[in-house]
Amino acid sequence: MTRYALAVDVGGTKMEAALVDEHGVLVGGSRSRQATGRQATLESLNDAVISIVTHALAAVPADADLVGAGAGSAGPIDRAAGAIMPVNMPLARGFGLAESVRSAASAALGREVPTVLGHDGGALALAESWLGATQDAGASLSIVVSTGVGGGFVVNGAYIPGATGNAGHLGQVRREGGLTLEEIASGPASAAWAQQQGWTGATGEDLARDAAAGDAVARAAIERSAKAVGEALADAATLVDLDMVAIGGGFSRVSADYIDLVQQALTASAAHEYSRRTRVVRSGLGDEGPLIGAAALVLRGPVGHRGISAPRRSGDAAALRVGPPRP
């Protein structure tokens, strides 16, 4: 019998859900999305969870062994409380995402569905180490550059969540002028900076189009983002001694050379030879990565193998292994 997990990914502009099998393959027809955004509330997020979870579970194969649900969210998160405090959704602070997903899934299936909450950057790191671009790395960081910026670490095959589940929250490190990396390098921040320089577009997609057409300000905004990301990654590589960094997210595709620009900035900024050797690569899983990672919280970690729910103590921060379960 094939094992499956319900995967939920919550971001600053949308949330998605899908069924994912034990090989990391999304079940056809199970994926759907709902909008989130800065005006999202506790009530609107709960309604959206019910919608996408119900849709996904309608596609459960007849012979499926659904082992649980994994939810990855923009952070910070509180694993002990099962709640999220997303920077980009201020009205939704304290939303009980784990309980919302568990309740919706359990109601849809008529039985208890164990649910695990993780930071979306950590979920992506799990996915990339399992099936994506960092499979061969001893120590890796996977990040998203999109509406927000976040990441997660995998070291020697194990996801490192940290004390509260927020390890890898790169977007909130401080950079020039006291701004966070997210306030400099994310898609919305880059578009806002370009507008301050006289650019007349509105979105990351507009930046991509105009930069490709030769607009100097749009190109400068892209280079500014990549430079800030690369310098922050140089610090991370110096601190953690990374082999590899995988970058995904919509804004990371704003130009064909974005990853190259980040690599150049990392190499130029890194303090030591060991950190200068860190390789920057594009995410190997595209826009399915966050969902695969959310499922991996259940399918590849000890939580899923033991059939228990998310950790209940703030100090319970044992690493989740990416490799096969131990006998």
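Everything here concerns the structure above.
To keep things clear, this report deals only with the structure shown in the data block. If you're wondering where the values come from, they're calculated on a predicted model, not measured in any experiment.

### Structural notes on helix α6 (residues 204-212)
Piece 1. Those residues of α6 that fall on the buried side of the exposure criterion are Gly204, Asp206, Leu207, Asp210 and Ala211. Within α6, the buried residues cover an arc of 150 degrees as seen down the axis, which keeps them to one side. α6 presents Glu205 and Ala212 as exposed residues on the side facing more than 90 degrees away from its buried surface.
Piece 2. Those residues of α6 hidden inside the fold are in contact with α5 (187-196) and α7 (216-240).
Piece 3. Downstream of α6 by one or two residues, Gly214 has phi in the positive range, about 100 degrees.

### Focus on the packing of aromatic side chains
Piece 1. Under the definition given, this model contains one aromatic pair.
Piece 2. Taking 6.2 Å as the distance between ring centres and 75 degrees as the angle between the ring planes, the aromatic pair formed by Phe251 and Tyr258 counts as edge-to-face. Across this residue pair, the class does not change: Phe251 and Tyr258 are buried.

### Things to note about the packing of α6 against α7
Piece 1. At a closest axis distance of 7 Å, the pairing of α6 and α7 adopts a crossing angle of 120 degrees. Viewed along their axes, α6 and α7 adopt a mutual orientation that is oblique. In this structure, α6 crosses over α7, and the sense of that crossing is left-handed. Together, Leu207, Asp210 and Ala211 of α6 and Ala218, Arg219, Ala221 and Ile222 of α7 make up the contact between the two elements.

### Concerning the environment of Leu109
Piece 1. Within the secondary structure layout, Leu109 lies in helix α2 (residues 97-109).
Piece 2. With 55 residues separating them in the primary sequence, Leu109 and Thr54 have C-alpha atoms 9.1 Å apart.
Piece 3. Contact partners of Leu109, with chain neighbours within four places excluded, come to Leu57 and Leu66.

### Concerning the environment of Val144
Piece 1. Tracing the chain through its elements places Val144 in strand β8 (residues 139-145).
Piece 2. Of the residues examined, Val144 reaches a relative accessible area of 21% and is grouped as partly exposed.
Piece 3. Once the C-alpha coordinates of Val144 and Leu124 are considered, the two residues, 20 residues apart in sequence, prove to be 8.1 Å apart.
Piece 4. Contacts of Val144, omitting those with residues within four sequence positions, involve Leu124, Val149, Gly150, Gly248 and Gly249.

### As for the side chain of Thr134
Piece 1. Counting through the fold element by element, Thr134 comes out in the loop between α3 (120-131) and β8.
Piece 2. We classify Thr134 as buried; its relative accessible area is 0%.
Piece 3. The residues touching Thr134, leaving out its near neighbours within four places in the chain, are Glu128, Ser129, Ser140, Ser142, Met244 and Ala246.

### A short note on the nonpolar core
Piece 1. Core analysis: the largest hydrophobic core is formed by 38 residues, its most contacted members being Leu207, Val229, Leu233, Ile247 and Tyr258.
Piece 2. Secondary-structure elements contributing two or more residues to this core are β8, β9 (149-155), α4 (181-185), α5, α6, α7, β11 (244-248) and α8 (258-269).
Piece 3. A total of 11 residues in this core trace back to one element, the largest contributor, which is α7.
Piece 4. The residues touching Ile247, leaving out its near neighbours within four places in the chain, are Ile143, Val145, Val229, Leu233, Ser252, Ile259, Val262, Val280, Val281, Arg282 and Ser283.
Piece 5. Among the nonpolar cores identified, the runner-up in size contains 32 residues, and Leu19, Ile52, Ala69 and Leu97 belong to it.

### Focus on unusual backbone geometry
Piece 1. Gly75 connects to Pro76 through a cis peptide bond whose omega is 5 degrees.
Piece 2. In this fold, Pro76 is placed in the loop between β4 (65-73) and β5 (77-78).
Piece 3. Here the phi dihedral of Asn156 falls at roughly 50 degrees; this positive angle occurs in a residue that is not glycine.
Piece 4. Tracing the chain through its elements places Asn156 in the loop between β9 and β10 (158-160).
Piece 5. With a relative accessible area of 59%, Asn156 lands in the exposed category.
Piece 6. The phi torsion at Asp241 lies on the positive side, around 65 degrees, for a residue other than glycine.
Piece 7. A residue is classified by how much of its surface remains accessible, and Asp241, at 37% relative accessible area, is partly exposed.

### Focus on the packing of α5 against α7
Piece 1. Remark: α5 packs on α7, axes separated minimally by 9 Å, with the N-to-C direction vectors making an angle of 140 degrees. Our classification of the angle between α5 and α7 gives oblique. Handedness of the α5/α7 crossing: right-handed. Across from Ser190, Trp193 and Ala194 in α5, the residues of α7 making contact are Val217, Ala220, Ala221, Arg224 and Ser225.
Piece 2. When the residues that make up the contact of α5 with α7 are grouped by side-chain class, the tally is five nonpolar, two polar and one charged.

### Section: the sheet that holds strand β7 (residues 115-119)
Piece 1. Pairing is mixed in the open sheet, where five strands are placed in the order β3-β2-β1-β4-β7. A single partner strand is all that each edge strand has here, and the edge strands are β3 (32-35) and β7. Pairwise comparison of adjacent strand axes, ignoring direction, gives a mean angle of 20 degrees for this sheet.
Piece 2. The pairing of β4 with β7 spans five bridges and is classified as parallel. Residue pairing across strands places Gly72 opposite Gly118, the latter belonging to β7.
Piece 3. Here helix α1 (residues 42-57) sits on the sheet and contacts β1 (3-10), β2 (14-21), β3 and β4; the angle it forms with β2, its principal contact strand, is near 25 degrees.

About the thresholds
Residues numbered from 1 in each chain as written. Predicted model: local features only at pLDDT ≥ 70, side-chain atom pairs only at ≥ 80, totals over all residues. Heavy atoms only, no water. Buried < 20%, exposed > 50% of the residue type's maximum accessible area, 1.4 Å probe, protein only. Helix = DSSP H or I, 4+ residues; strand = E, 2+ residues; numbered from the N terminus. Arc of directions from axis to C-beta. Contact = heavy atoms within 4.5 Å. Phe/Tyr/Trp six-rings, centres within 6.5 Å; stacked < 30°, edge-to-face > 60°. Axes fitted to C-alpha atoms, helices over the stretch in contact; angles between N-to-C directions. Parallel < 35°, antiparallel > 145°, perpendicular 65-115°, else oblique. Left-handed = near helix turned anticlockwise from the far one by under 90°. Core = buried A, V, L, I, M, F, W, Y, C linked by side-chain atoms within 4.5 Å. Nonpolar A, V, L, I, M, F, W, Y, C, P; charged D, E, K, R; others polar. Pairing = 2+ DSSP bridges.

Spatial relationships are all this shows, so hold off on functional conclusions.
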